[in-house]
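Working through the structure, step by step
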Amino acid sequence: MSEQLSGQGGQREQSDPVVVVSGTALTAGGEDSDAARAVGSVEQPAKVMRIGSMVRQLLEEVRGAPLDDAGRARLAQVHERSLAELEDGLSPELVAELRRITLPFGEGETPSDAELRIAQAQLVGWLEGLFHGIQTALVAQQVAARSQLEQMRRALPPGQGGAGGPGGLGGTGQPGQGSTGQYL
C-alpha cells in the first residue's frame, strides 16, 4: 500500500505507506515510514489491548497472594493461551520478536510463583512497549500530516489561501475584499 492519490486526475504515485489503524488511514512521510510500519504491524489492535489489560490484571492478582499447584498450573495455561491469542493479532515480525523474548515453561512441571510473575511481568512490559511505540508512531504521523498540509498551503498560488483568508472559501477572490455573502 505504498501508493496514494495525487493531483486532480486521481492518478497514483509512489509515496510513503498508508496505514489503517482501527479504520483510520494514516500516512507517514520520510523517516516516519518506520513508525507507520510499527503501527500497521498490529493487525487487531482491540484484541491486543484486551489481552494486554487481562494480563496486567492477572499480574496484579498474582502479586497479592501465593498460588497453590492448581492455581499455578492454571495461570501457566492462561499465559500460554494469551501468547497464542496475541500472535493472532500481531504481524509476523512482532510474533517472531515475542517468541524470541518469551521462554516456555518446563514440560510436565508446574512453574513456581516467581517464574509465573516474571513471565507475566515480561509480557506486560513488552505490551506496554508496543503500545508506547504505537502512540509515538501516531504522534509522528500527525506531525508529518500537519507539516505536509502546511507545505501544501504554502505552495498554493496567491489568492488561493485557506478559508477566511483572501481568496479563501469566504472571499470574493479579490485581495482586500471581504465576503458579501453572495455567490454571484
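These lines cover the structure that appears in this document, whether it is placed above or below. Keep in mind the model is a prediction, meaning the values are calculated, not measured. (Residues numbered from 1 in each chain as written. Predicted model: local features only at pLDDT ≥ 70, side-chain atom pairs only at ≥ 80, totals over all residues. Heavy atoms only, no water.)

1. Points about the overall build of the protein
Regarding its fold elements, the protein presents 5 helices and 4 strands. The order of helices and strands in the protein, counted from the N terminus, is β-β-β-β-α-α-α-α-α. For the protein, the residues scored as buried account for 28% of the 184 residues in total. Summarising the internal contacts of the protein: among those between residues at least 6 apart in sequence, 57% fall at separations of at least 24. By element, 53% of the accessible surface of the protein is carried by carbon and sulfur atoms, the whole surface being about 12,200 Å². (Helix = DSSP H or I, 4+ residues; strand = E, 2+ residues; numbered from the N terminus. Buried < 20%, exposed > 50% of the residue type's maximum accessible area, 1.4 Å probe, protein only. Contact = heavy atoms within 4.5 Å. Areas by Shrake-Rupley, 256 points an atom, 1.4 Å probe, with all protein chains shown as cover.)

2. Concerning the nonpolar core
Counting 18 residues, the largest nonpolar core has V48, L86, L90, L127 and L130 as the members making the most contacts within it. Among the elements that line this core, the one with the most residues is helix α5 (residues 113-155), at 7 residues. For L90, the contacting residues outside a window of four places in its chain are S41, V42, E43, V48, V95, L98, W126 and L130. (Core = buried A, V, L, I, M, F, W, Y, C linked by side-chain atoms within 4.5 Å.)

3. Re the pattern of salt bridges
Per the counting criterion, the structure on display carries 7 salt bridges. Residue R63 is joined to E60 by a salt bridge in which the shortest nitrogen-to-oxygen separation is 3.1 Å. In this pair, R63 and E60 are both assigned in helix α2 (residues 45-64), 3 residues apart and thus about one turn of the helix distant. Linking E87 and R99 is a salt bridge whose minimum nitrogen-to-oxygen distance equals 2.9 Å. Taken as a pair, E87 in helix α3 (residues 69-89) and R99 in helix α4 (residues 92-101) lie far apart in primary sequence, 12 residues in all. Here the residues in one salt-bridge network are K47, E85 and D88, joined through shared partners. (Salt bridge = Lys/Arg side-chain N within 4 Å of Asp/Glu carboxyl O.)

4. Structural notes on the packing of α2 against α3
In contact at an axis separation of 9 Å, α2 and α3 are set at 160 degrees when each is read in the N-to-C sense. If you check the angle between α2 and α3, you find them roughly antiparallel. Crossing angle aside, the handedness with which α2 passes α3 is left-handed. Here K47, V48, I51, M54, V55, L58 and V62 of α2 lie close against α3, whose contacting residues are L75, V78, S82, E85, L86, D88 and G89. Residue composition of the contact of α2 with α3, by class: 9 nonpolar, 2 polar and 3 charged. (Axes fitted to C-alpha atoms, helices over the stretch in contact; angles between N-to-C directions. Parallel < 35°, antiparallel > 145°, perpendicular 65-115°, else oblique. Left-handed = near helix turned anticlockwise from the far one by under 90°. Nonpolar A, V, L, I, M, F, W, Y, C, P; charged D, E, K, R; others polar.)

5. Describing the environment of L86
Residue position: L86 is located in helix α3. Not counting residues up to four positions away in its chain, the partners in contact with L86 are V48, I51, L98, L123 and L127.

6. Brief notes about the side chain of S91
Residue placement: S91 occurs in the loop between α3 and α4. Take S91: its relative accessible area is 5%, and that puts it in the buried class. Those residues in contact with S91 that lie beyond four places of it in its chain are S41 and E43.

7. With respect to α4
Looking only at α4, the buried set comprises L94, V95 and L98. Down the axis of α4, the buried side of the element spans an arc of 105 degrees, and every buried residue falls inside it. In α4, the exposed residues that point more than 90 degrees away from the buried face are P92, E93, R99 and R100. In the core, the buried residues of α4 are packed alongside α3 and α5. (Arc of directions from axis to C-beta.)

8. Looking at the side chain of K47
Relative to the elements of secondary structure, K47 occurs in helix α2. Judged by relative accessible area, K47 falls into the buried class, the value being 15%. The residues contacting K47, other than those within four sequence positions of it, are E85 and D88.

Function cannot be read off these values alone, since they describe shape.
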